[in-house]
Amino acid sequence: MAALLKCSHIFRNIRQIYSLPKHSVLFILLETKLPYISICQHSTFSKRSHTCGELSLNDVGKEVTLYGWVKFKRMDTFIILRDAYGITQLVLPKDQGDPLHRLLSIQQYENVLEVKGTVQARPPGQENKKLQTGEIEIIVKNAKVLNERKRDLPFEIKEFHKVKEPLRLEYRFLDLRQSQMQANLRLRSQMMMKIREFLCNQHGFVDVETPTLFRRTPGGAREFVVPSKHPGKFYCLPQSPQQFKQLLMAGGIDRYMQIARCYRDESHRPDRQPEFTQLDIEMSFVSQEDIQRLMEELIGFCWPETRRKPRIPFAKMTYHDAMKYYGIDKPDTRFEIKLCNITSTIKHSGLSVFEDLLKDENATVQAINIKEGNKYFKKKDITELSDVYTQATIDVNGSGPIEKVPTSVIRVKEDGNWQGPITKHMSKETIGELKDVLQIEPHDVIVFAAGKTNETCKVMGKIRLKAADLLEEKGLTLRDPTADNFLWVQGFPLFLPREDGQEGLESVHHPFTAAHPDDAHLLKTQPEKIRSQHYDLVLNGQEIGGGSIRIHDSELQKYVLEEVLKEDSSQLSHLLEALEFGCPPHGGIALGLDRLFAIVCGAKSIRDVIAFPKSLDGKDLLSKAPTSISQDEMDYYHIASKD
């Protein structure tokens, strides 16, 4: 009864706002497939009567008003008018001397028009069943040019016309007219609405905005610095609202969410942005399992109908198994090629190059079997796999010189014979063992690599992905493009040796992550062996989210900062103080929305789901930012510039 009364109250308010008849809102709520109310998707609060994407045979005879851009013309007889929702065919007056015909026949592509006319059915045989509006056309009775294109277009607004990305970003306002960009941004908007509906309206979360001017904090990625008018004092743009959401937990906002803007001044990577959007969530009195269940239900709720619904609950995998079988902590589980540790087989094989290496107890030999790879791989493909190995080894070990690490490729011929430089040094016993362990059959390609276990697994993980790319280039389908393989990766180490090569440890996630209860006793004696309560959400081999249960004890947090990470805890005095005043146990997660939406839209880059992204080198090609400022402005902020 309470729910019915609440619905009645909502209906009454909406009717009053939109001056609607008594039953109209109820009808629309029953018809809509979205979890929010969309009374009139297109023409309400607009001069137009309809959009260019909605008219059909049901509208024949109607007088309509359309607005849009000239997409193209045909034989001075038709104009195709385009707006954000589709296209509609306009029929020009037959009399070429008619002023209206003369006006329309000289229109250039991308001129903006107002058109009034009558809907009629297209003549038999001229229908286009692929279009929503393909069975009708508009007999134009009146037209007005609202704005003319004043200069040549830098590129054509056509789906099949390929445009280089720098040009697309420079003229982003034109690129946004493309149907794919329109679809991407509208789908993004719909999913955002569903996220808020699920969290705030159904599960009691509070949407709280947090500041974007903050202070520098230790650890994590490099932050953007913002000068202030106070001499020698600077703000920083936050990498995430992490500290604010923990402060909100201390303040009793026990269910927090935010669609948050975040900033990282990282080295430029292909699919990252200096500013990005994440769904930020924090909850008090929860377990890791509670947060994971919440995210599974949220994703199921907002998942678009155009894609296959994901299986819930999501699969789970430990960090140890991810590295062991896939060589990466965000494994793509859509295909079955896995790493195999063949150290025990190779150790006493008589292959001296491997045996010498394996005297180091931290070294292993890893292999992958690319089934039927020899049917498809040419010599250049094998070379590409070797190139991946070399580059991946450099990435793992830094930019300096690296040791020569033994690698080998074996191609298994149709008759079962092995071809490769290493095979002539293998005994029959070793070959037999490897056949059993790796399930080797004719036409397979075997890739070996050896070295320190962690580095070798990472390198082989990249070779695994490259092998899948090469096979799919040959026409095989290893990764179902319609599948969405969600995976929780958990059981991460809490600390790892510093990536910069200096002595000491750094946090795998961030310094506020709590230790696994079973390992907490190792903090003061063997911190490098502690597992964390950190969990990542992976989709099709891409990390789309990460979270953890947090440290809520101030003394423990201070110990981790000062004694384990050797950080200056005074920079986090505000957080430590909040933990001292009865902060509840809490945990949370953040989803990278740009990456998630890119996968959902089938976009090749996150830049294709962001309205105004930065280029690969972090520049705004549209406005030419960053730009210089005047000497007066630099003086005001007490800063100087070095050329």
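Higher on the page you've got the structure.
Residues numbered from 1 in each chain as written. Predicted model: local features only at pLDDT ≥ 70, side-chain atom pairs only at ≥ 80, totals over all residues. Heavy atoms only, no water.

**Looking at the packing of helix H6 (residues 179-203) against helix H18 (residues 593-601)**
Right, so step 1: It is the contact of H6 with H18, at a shortest axis distance of 10 Å, that shows an interaxial angle of 120°. Of the possible angle classes, the one that applies to H6 and H18 is oblique. Between H6 and H18 lies a crossing of right-handed hand. Residues Gln180, Asn184, Leu187, Arg188, Met191, Met192 and Ile195 of H6 form the contact with H18, whose participating residues are Leu593, Asp594, Phe597, Val600 and Cys601. (Axes fitted to C-alpha atoms, helices over the stretch in contact; angles between N-to-C directions. Helix = DSSP H or I, 4+ residues; strand = E, 2+ residues; numbered from the N terminus. Parallel < 35°, antiparallel > 145°, perpendicular 65-115°, else oblique. Left-handed = near helix turned anticlockwise from the far one by under 90°. Contact = heavy atoms within 4.5 Å.)

**Here we look at the nonpolar core**
Nonpolar side chains in soluble globular proteins tend to be buried together.
Right, so step 1: Counting 52 residues, the largest nonpolar core has Ile195, Leu199, Leu279, Ile281, Met295 and Leu593 as the members making the most contacts within it.
Right, so step 2: With 7 residues, the single largest contributor to this core is H18.
Right, so step 3: If we ignore the near neighbours within four places in the chain, the residues touching Ile195 are Met257, Ile259, Leu279, Leu298, Cys302 and Leu593.
Right, so step 4: In this structure, Leu339, Ile370, Val459 and Leu471 belong to the second largest nonpolar core, which totals 21 residues. (Core = buried A, V, L, I, M, F, W, Y, C linked by side-chain atoms within 4.5 Å. Buried < 20%, exposed > 50% of the residue type's maximum accessible area, 1.4 Å probe, protein only.)

**Description of the pattern of salt bridges**
As a working rule, side chains carrying opposite charge can pair if their charged atoms are close by.
Right, so step 1: Under the defined criterion, the tally for this structure stands at 35 salt bridges.
Right, so step 2: Glu275 is the salt-bridge partner of Arg261, the closest N and O atoms lying 3.1 Å from each other. One end of the pair, Arg261, is in strand E9 (residues 255-263); the other, Glu275, is in strand E10 (residues 275-284), and 14 residues separate them in sequence.
Right, so step 3: Among the residues examined, Glu275 registers a relative accessible area of 24% and is labelled partly exposed. (Salt bridge = Lys/Arg side-chain N within 4 Å of Asp/Glu carboxyl O.)

**So, the sheet that holds E9**
Right, so step 1: Across the sheet, 8 strands lie side by side as E6-E9-E10-E22-E21-E20-E17-E11; this open sheet has mixed pairing. A single partner strand is all that each edge strand has here, and the edge strands are strand E6 (206-207) and strand E11 (315-318).
Right, so step 2: Pairing of E10 with strand E22 (residues 586-592) involves 7 bridges; the strand directions are antiparallel. Bridge pairing in E22 links Ile281 to Ile589.
Right, so step 3: Relative to the sheet, helix H7 (residues 242-250) contacts E9, E10 and E22, its axis offset from that of E10 by approximately 25°.
Right, so step 4: Across the face of the sheet, H18 comes into contact with E9, E10, strand E20 (534-539), strand E21 (542-549) and E22 while running at roughly 140° to E21. (Pairing = 2+ DSSP bridges.)

**Considering a nonpolar patch on the surface**
Right, so step 1: On the surface, Phe173, Phe612 and Leu622 cluster together to form a nonpolar patch covering roughly 290 Å² of accessible area.
Right, so step 2: Secondary-structure assignment places Leu622 in the loop between H18 and helix H19 (631-636). (Patch = residues over 30% accessible without salt bridge, like charges linked within 9 Å, V, L, I, M, F, W, Y side chains within 5 Å. Areas by Shrake-Rupley, 256 points an atom, 1.4 Å probe, with all protein chains shown as cover.)

**Some thoughts on the packing of aromatic side chains**
For any pair of aromatic rings, geometry is given as the distance between the ring centres together with the angle between the planes.
Right, so step 1: By the definition in use, this model includes 9 aromatic pairs.
Right, so step 2: Ring plane angle 35° and centroid distance 6.5 Å describe the contact between Phe314 and Trp488, whose orientation is recorded as tilted. Of this pair, Phe314 sits in the loop between helix H8 (288-302) and E11 while Trp488 sits in strand E17 (residues 486-490); the two residues are 174 residues apart in sequence, bridging distant segments of the chain.
Right, so step 3: On the basis of relative accessible area, Phe314 is assigned to the buried category, the value being 4%.
Right, so step 4: In this structure Trp488 comes out as buried when scored by relative accessible area, which is 0%.
Right, so step 5: Pairing Trp488 with Tyr535 gives two aromatic rings, centres 6.2 Å apart and planes at 80°, and the pair type is edge-to-face. Taken together, the positions of Trp488 in strand E17 and Tyr535 in strand E20 put the pair 47 residues apart, joining distant regions of the chain. Each member of the pair Trp488 and Tyr535 is classed as buried.
Right, so step 6: Taken together, the ring pairs connect Trp303, Phe314, Phe486, Trp488 and Tyr535 into an aromatic cluster.
Right, so step 7: A cation over a ring is seen here: Lys338 above Tyr325, with NZ or CZ 5.7 Å from the ring centre.
Right, so step 8: A cation over a ring is seen here: Arg464 above Phe335, with NZ or CZ 3.8 Å from the ring centre. (Phe/Tyr/Trp six-rings, centres within 6.5 Å; stacked < 30°, edge-to-face > 60°. Lys NZ or Arg CZ within 6 Å of the ring centre and 35° of its normal.)

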